[in-house]
Amino acid sequence: MAENNLQCSSVVDGNFEEVPRETAIQFKPPLYRQRYQFVKNLVDQHEPKKVADLGCGDTSLLRLLKVNPCIELLVGVDINEDKLRWRGDSLAPFMGDFLKPRDLNLTITLYHGSVVERDSRLLGFDLITCIELIEHLDSGDLARFPEVVFGYLSPSMIVISTPNSEFNPLFPSVTLRDSDHKFEWTRMEFQTWALYVANRYDYSVEFTGVGEPPAGAENVGYCTQIGIFHKNGGKATEACVSEQHDQHVYKARQGLTMLPRLVLIFHPQAILLPHLPKMLRLQVFTTSYPSLQQERFFKLVLVNEVSQQVESLRVSHLPRRKEQDGERGDKPKDIGGSKAPVSCFGPVFTEVEKAKIENSPKPFCVGDKFFVPLQRLLAYPRLNRLCANEEMMRSVIADSIPLSSDGSAVVADLCNYFDEQFEF
């Protein structure tokens, strides 16, 4: 919402010089964040796989959307190469992305080019966003914009936001909110244009906005007006997309930022100087995130999850085993400590999950070896989500974790050095 702000020294998104404090308006959260959050909420609702942001600027929206698990391809396009030049590093995977891979693959690509140029690499997208973009287009580009975005690219959904000029009188000394704006529309002007475009290219459109006016000025509407366009009949078929000829017009992005930072950290031998010129000629910035769809990361996660679960079961089994062997001594040990981490900090199971675990084959000991049946491991929700069946689990972990002779259980030493140190 908006409110009169005695502390504020700027108007909208920091675009203006200092204004009288008693008349300035502050949005909470800031208006740009409201716009980006609106898009994120829409993505959460519709779960698009392929998303492009036209006029992506400093890539703030892309950085917000890249954490969404449904997105598999995220593309940004902007005419300002300086804004894109150093933004690749902020979109590359971090250490945590390798330690906890996504479920699905994710590729992020930045293109340098105009939004009114046709590029076939943006065909077949589920969602294209144009946040505070169209007001920067001159009359010629504005005329071509619907032909390219709605007619040629024709995604399933398009989101367009633009300033609502009816809100401007609430700002002191404001004609246009940015010196680069070619125009700013009233609600009627925007809706007239949007309805015409939607009708021509077979879309439906609904209108909303972000940035509520202050009390007493509700008649001016939202500060930012938004049109949400849905393609009638849903997504363009693959046949329609394949009929388009390859047309790559976006300019190359140059620079080492196209190399994911963790390649440099974990695999320095992969960066060979004789290959450097070839890398610098790559056409676009692109980076890929680790995911469970990639065999090496799936194995890493599964082996780690199995090892952790076996260790948890082994530690919880030790006090009972020592009681059975008469190793408690004169004073009974408090065995609650060995179970506390599991109950206090471990996963919380539903009644159905608990029943499934209890009904699965139980861990057992043979001599000084501890056996956990694979069927028992598969009863735990996290492992069950990773593995469809026992055979799949066995084939993935067989060369990393000791198994019983028949391959039906994981085998571990019942006791180890650390048990003695912590007096289990």
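Bear in mind the structure is a predicted one, so any value in this text is a computation, not a measurement. (Residues numbered from 1 in each chain as written. Predicted model: local features only at pLDDT ≥ 70, side-chain atom pairs only at ≥ 80, totals over all residues. Heavy atoms only, no water.)

Novice: Would you explain the pattern of salt bridges in this entry?
Specialist: Pairs may arise between side chains of opposite charge once their charged atoms sit close together. Summed over the entire model, instances satisfying the criterion amount to 14 salt bridges. Glu-132 is paired through a salt bridge with Arg-35; the nearest N and O atoms lie 3.6 Å apart. Of this pair, Glu-132 sits in the loop between strand E6 (127-131) and helix H6 (139-153) while Arg-35 sits in helix H1 (residues 31-46), and the two are 97 residues apart along the sequence. Taken individually, Glu-132 and Arg-35 each receive the classification buried, so the pair is uniform in this respect. The structure contains a network of salt bridges with shared partners spanning Glu-390, Glu-391 and Arg-394. (Salt bridge = Lys/Arg side-chain N within 4 Å of Asp/Glu carboxyl O. Helix = DSSP H or I, 4+ residues; strand = E, 2+ residues; numbered from the N terminus. Buried < 20%, exposed > 50% of the residue type's maximum accessible area, 1.4 Å probe, protein only.)

Novice: Would you mind showing me how to read the pairing of strand E12 (residues 369-373) here?
Specialist: Along any regular strand the residues' side chains alternate between the sheet's two faces. A large share of E12 lies buried, amounting to 4 of its 5 residues. Both strand E11 (residues 364-366) and E12 contribute to a ladder of 3 bridges, which runs antiparallel. Counted as the bridge partner of Cys-365 is Phe-370 from E12. Once E11 ends, the chain turns through 2 residues before running back antiparallel as E12, passing Gly-367 with a positive phi of about 65°. Here E12 pairs with strand E13 (residues 409-413) via 5 bridges, running antiparallel. Bridged to Phe-370 within E13 is Ala-412. (Pairing = 2+ DSSP bridges.)

Novice: Is there a simple way to explain the packing of aromatic side chains in this structure?
Specialist: Each aromatic ring pair is described using two quantities: the centre-to-centre distance and the angle formed by the ring planes. Under the defined criterion, the tally for this structure stands at 15 aromatic pairs. Taking 5.0 Å as the distance between ring centres and 75° as the angle between the ring planes, the aromatic pair formed by Phe-150 and Phe-229 counts as edge-to-face. Of this pair, Phe-150 sits in helix H6 while Phe-229 sits in strand E9 (residues 224-231), and the two are 79 residues apart along the sequence. Look at Phe-229 and you get buried, because its relative accessible area is 0%. Through successive ring pairs, a cluster of aromatic residues spans Phe-145, Phe-183, Trp-185, Phe-190, Trp-193 and Phe-207. (Phe/Tyr/Trp six-rings, centres within 6.5 Å; stacked < 30°, edge-to-face > 60°.)

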